[in-house]
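# Structural description and commentary
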Amino acid sequence: MDDSDSLARNAARIICPACGNDKEFLEIADDVILTSRYEQNEDGSFSQLGDDSQVLGEIRLYCGECNADVSFFHQRFLDMLF
Ligand SMILES: [Zn+2]
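Anyway, here's the lowdown on the structure attached to this text.

## Quick look at the overall build of the protein chain
- Within the protein chain one finds 2 helices and 6 strands.
- Taken from N to C terminus, the helices and strands of the protein chain fall in the order α-β-β-β-β-β-β-α.
- Burial analysis of the protein chain (82 residues in total) assigns 5% to the buried set.
- Put simply, of all contacts in the protein chain between residues at least 6 apart along the chain, 51% involve residues at least 24 apart.

What follows is the structure in structure tokens.
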């Protein structure tokens, strides 16, 4: 990798405009219905079969350091989530 590659990568990083944090971010969802499906086993124990949770409200992104609302980065955050 040469210098121009690393510059392009840095330009795409999300950086909190309030405190400069570029490491930790919080994703917070409103109005979430948590639904988990379980199966009871022969011995009375349970195994989780699936997670059908739904987000009905808005999903917002916050800086993990100063809690500034950085939701305008949320789409980029999703694009960069692997
Ligand atoms: Zn911040």
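## Some words on the environment of Gly 50
- Looking at where Gly 50 falls in the secondary structure, it is placed in strand β4 (residues 46–51).
- Judged by the 10 C-beta atoms lying within 10 Å of it, Gly 50 falls in the exposed class.
- Sequence separation between Gly 50 and Tyr 38 is 12 residues; the distance between their C-alpha atoms is 7.3 Å.

## Observations regarding the pairing of strand β3 (residues 36–40)
- A small share of β3 lies buried, amounting to 0 of its 5 residues.
- Note that β3 and β4 share 5 bridges and pair antiparallel. Within β4, the residue paired with Tyr 38 across the bridge is Gln 48.
- Between β3 and the antiparallel strand that follows it, β4, lie 5 residues; Gly 44 among them carries a positive phi value of about 90 degrees.

Conventions and cut-offs
Residues numbered from 1 in each chain as written. Predicted model: local features only at pLDDT ≥ 70, side-chain atom pairs only at ≥ 80, totals over all residues. Helix = DSSP H or I, 4+ residues; strand = E, 2+ residues; numbered from the N terminus. Buried ≥ 20, exposed ≤ 12 C-beta atoms within 10 Å, placed from the backbone. Contact = placed C-beta atoms within 7 Å. Pairing = 2+ DSSP bridges.

Remember that the coordinates give geometry; whether it matters functionally is a separate question.
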